[in-house]
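Each chain, written out:
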Amino acid sequence: MNTIEFEYLRRLLYDRSGLVVTKDKMYLIENRLMPIARQHGLNSIDALVGLISRGGNDATVSQIVEAMTTNETLFFRDGWPFERLKRSLLPDIMSLSKMPRRIRIWSAACSSGQEPYSLAMTLAEMGPALPAGQVEIVATDISPAMLARAQEGWYSAFEVSRGLPEPMLKKYFTADRDGWRVKEHLKAMIEFRPYNLLEDPVAAGIGLFDVIFCRNVLIYFDEPTRRRVFQSLARVLRPWGCLCLGGAETVVGISDAFRVLPGERGLFGLAAKSAMTDVA
């Protein structure tokens, strides 16, 4: 792959998904995109770039973006955000929000679904403290294939071994083929829908949220793109809401739309000037 083709792919991936690919990741492009090239009867990445640059190959472009998107995830990743949600975030939001409406949680860049299902199990474990139907989970991802996997709710024995406690496996999953399938009542707690973090969430009509999980995805973006995403997230977070980021992610020095919550790790609230009136 020569420099011209690399630059074309780098710009395409950045414009379509916000993904930053540097020259030291050229090998990653070769490894992930050659299978797509072969599907089209091509023997090089350069030929694949030639194909999509001629236009009229939106499906192939989507394949390329999807192949390059990192989809590493596991159940109850890092642990603390889910415990924090159950112990204090939701109770605090319930006490602050007196309106008779559902609390809404957004799992952004949900990949193959382990995060939203972990959220659903966390809520289910709250029992009577959280009346049925009081919380809505919306899970989004840029990848149609990942969303299809998440909606199917089937995971291999290896996947459920990564972070999922055995009592929860037995309680919320049923053995199916050589793996495990999420029970229907847990699936019913989640709405899966396509969404690109570079989109305007207001225009996309996804509504307002009390809690936004956007974890371990912004590390793949450059600072201008992170700033843009933070501004978008601020527009759909309720005034009392909370943004939860991954352990290596922060708003500090990047966005003035959020503030660090005192004594918290990885949790951020809206800055006063970003707080918006609740209209949902």
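The structure presented is a predicted model; accordingly, all values stated were derived computationally and were not measured.

Thresholds applied
Residues numbered from 1 in each chain as written. Predicted model: local features only at pLDDT ≥ 70, side-chain atom pairs only at ≥ 80, totals over all residues. Heavy atoms only, no water. Helix = DSSP H or I, 4+ residues; strand = E, 2+ residues; numbered from the N terminus. Rg over C-alpha atoms; globule rule 2.2 N^0.38 Å. Buried < 20%, exposed > 50% of the residue type's maximum accessible area, 1.4 Å probe, protein only. Contact = heavy atoms within 4.5 Å. Areas by Shrake-Rupley, 256 points an atom, 1.4 Å probe, with all protein chains shown as cover. Lys, Arg positive; Asp, Glu negative; His and termini not counted. Charge placed at Lys NZ, Arg CZ, Asp CG, Glu CD. Salt bridge = Lys/Arg side-chain N within 4 Å of Asp/Glu carboxyl O. Pairing = 2+ DSSP bridges. Axes fitted to C-alpha atoms, helices over the stretch in contact; angles between N-to-C directions.

Q: Which residues make up the overall build of the chain, and what values do they have?
A: Secondary structure summary: the chain contains 12 helices and 10 strands in total. The C-alpha atoms of the chain give a radius of gyration of 20 Å, which matches the 19 Å a tight globule of 280 residues would have. Considering the chain as a whole, with its 280 residues, one finds that 49% of them fall into the buried category. Across the chain, every contact between residues at least 6 apart in sequence was considered, and the portion connecting residues at least 24 apart equals 72%. Summing over all exposed atoms, the chain offers an accessible surface of approximately 13,000 Å²; the carbon and sulfur share of this is 54%. Taking the average place of the 34 positive charges on the side chains of the chain and the average place of its 32 negative ones, the gap between the two points comes to 3 Å.

Q: Explain the side chain of Thr60 to me, using residue names and the numbers behind them.
A: Considering the arrangement of structural elements, one finds Thr60 in helix 4 (residues 58-68). Looking at Thr60, the relative accessible area reads 4%, which means it is buried. If sequence neighbours within four positions are ignored, Thr60 has contacts with Ile36, His40, Leu48 and Ile52.

Q: So what's going on with the pattern of salt bridges? Residues and values would help.
A: Within the structure shown, the criterion is met by 18 salt bridges. Two residues, Asp15 and Arg11, come together in a salt bridge whose shortest N-O distance is 3.3 Å. In this pair, Asp15 and Arg11 both sit in helix 1 (residues 3-17), 4 residues apart, roughly one turn of the helix. A residue is classified by how much of its surface remains accessible, and Asp15, at 47% relative accessible area, is partly exposed.

Q: An account of the side chain of Ser232 is requested, with residue identities and associated values reported.
A: Examined against the element boundaries, Ser232 turns out to sit in helix 12 (residues 223-235). Apart from residues no more than four positions distant in its own chain, Ser232 is found in contact with Glu199 and Pro201.

Q: Quick rundown of the sheet that holds strand 9 (residues 258-260)? Include the residues and the values.
A: Across the sheet, 7 strands lie side by side as 6-2-1-7-8-10-9; this open sheet has mixed pairing. Edge strands, defined here as strands with exactly one partner in the open sheet, are strand 6 (190-194) and strand 9. Shown here is a sheet whose adjacent strand axes are inclined to one another by a mean of 25°, direction ignored. Two elements, strand 2 (residues 135-141) and strand 6, share 5 bridges in a ladder whose sense is parallel. Looking at the pairing, Asp141 lines up with Pro194 of strand 6.

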